[in-house]
Amino acid sequence: MAEKSIIYVDVGRLVEKVETCNLLFYPVMIHIFWQVMRNLYKGEVNEPCPVYQIMQGNGQNVLAWQEMKDDREVFFADYVLACYNHLQPNKQKKHEKMPVESFGVFYAEDEQTAHFETNLPMFILHPFVHQDGKNLLPISVRGKISSAVLMRFEQMLIERINSF
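Here we summarise the structure given alongside this text. Numbers given for residues are sequential positions, taken from 1 along each chain in its written order. For this predicted model, a pLDDT threshold of at least 70 governs which residues receive local features, and a threshold of 80 or more governs which side-chain atom pairs are given and counted, while totals over whole chains, interfaces and linings are taken from all residues. Side-chain numbers here rest on the full set of heavy atoms in the structure, without hydrogens or water.

## Notes on the packing of helix α2 (residues 25-40) against helix α3 (residues 72-87)
At step 1: Structural elements are reduced to axes, namely lines fitted to C-alpha atoms, with helices fitted over the stretch in contact, and the angle between N-to-C directions of any two is expressed from 0 to 180 degrees. Runs of E in the DSSP output that reach at least two residues are strands. Runs of H or I that reach at least four are helices, and both are numbered from the N terminus. Two elements in contact, α2 and α3, have axes whose closest approach is 11 Å; the angle formed by their N-to-C orientations is 120°. For the element pair α2 / α3, the angle class is oblique. As α2 runs across α3, the sense of the crossing is right-handed. Residue-level inspection shows Tyr-26, Pro-27, Val-28, Ile-30 and His-31 of α2 in contact with α3, the latter providing Arg-72, Phe-75, Phe-76 and Tyr-79. Angles below 35 degrees are treated as roughly parallel, those above 145 as roughly antiparallel, those between 65 and 115 as roughly perpendicular, and all remaining angles as oblique. Take the far helix as your reference; a near helix turned counterclockwise from it by less than a right angle gives a left-handed crossing, and one turned clockwise gives a right-handed crossing. It only takes one pair of heavy atoms within 4.5 Å for two residues to be counted as in contact.

## So, the pairing of strand β3 (residues 61-64)
At step 1: Relative accessibility under 20% of the residue-type maximum defines a buried residue, over 50% an exposed one, and the middle range a partly exposed one, all with a 1.4 Å probe and only protein chains included. Side-chain alternation along β3 places Asn-61 and Leu-63 on one buried face and Val-62 and Ala-64 on a second face that is also buried.
At step 2: Here strand β2 (residues 49-55) pairs with β3 via four bridges, running antiparallel. Residue pairing for β3: Tyr-52 is matched across the bridge by Ala-64.
At step 3: In this analysis, strands are considered paired if DSSP registers two or more bridges between them. The antiparallel hairpin formed by β2 and β3 contains five residues in its connecting segment, where Gly-59 sits at a positive phi of about 90°.

## Considering the packing of aromatic side chains
At step 1: The pairing test for Phe, Tyr and Trp rings, Trp by its six-membered ring, is centres within 6.5 Å, and the orientation test on the planes gives stacked under 30 degrees, edge-to-face over 60, and tilted for anything in between. On inspection of all chains with the given rule, the structure shows 10 aromatic pairs.
At step 2: Judged by centre distance (6.2 Å) and plane angle (35°), the rings of Phe-75 and Tyr-79 are tilted. Linking Phe-75 with Tyr-79, this pair stays in helix α3, spanning four residues, or about one helical turn. Note on accessibility: Phe-75 and Tyr-79 belong to one class, buried.
At step 3: Residues Phe-106 and Phe-116 carry aromatic rings whose centres are separated by 5.3 Å and whose planes lie at 85° to one another, so their mutual orientation is edge-to-face. Taken together, the positions of Phe-106 in strand β4 (residues 102-106) and Phe-116 in the loop between α4 (111-114) and β5 (122-125) put the pair 10 residues apart, joining distant regions of the chain. Assigned by exposure class, Phe-106 and Phe-116 land together as buried.
At step 4: Here the aromatic residues Phe-33, Phe-103, Phe-123 and Phe-153 are joined through ring pairs into a cluster of three or more.
At step 5: Positioned above the aromatic ring of Phe-164, the side-chain terminus of Arg-72 is 4.1 Å from the ring centre. Two conditions define a charge sitting above a ring: the NZ of Lys or the CZ of Arg must be within 6 Å of the ring centre, and it must be within 35 degrees of the ring normal.

Honestly, that's just the spatial picture; any functional story needs more than this.
Now the structure itself:
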């Protein structure tokens, strides 16, 4: 069982497509991770839910989640609403419990990610690495995940990224 691994994924084509479509990279990755995790753990967990970070105006990150949808446009509309609700002090999900079968897709390590516990892996996206004409996205994978499952995850992730 790997407790911590780093994979590098070429996201050059995805970055171009995201820019062409005027989308944001982070929510696109959240949706892609959800699709991969749902297929990877099919039959083992109900419906894996991504937990992600939203940076508030004071520079603090808060954890957010939402019901996931296959349709990207509906997902993005829900994502924008979740972000808005977490940026409004009186609308935050202060008392709503995080889904049990959740996994993290984070862009920064902070106190919350250090204490994020789940039976599913946690992923931290790092800044791009430009190497040999490629835009590589380093992704830290944490949690109890076998090498075989990690290899399947990486393969499925690459397939989803390339088919976006």
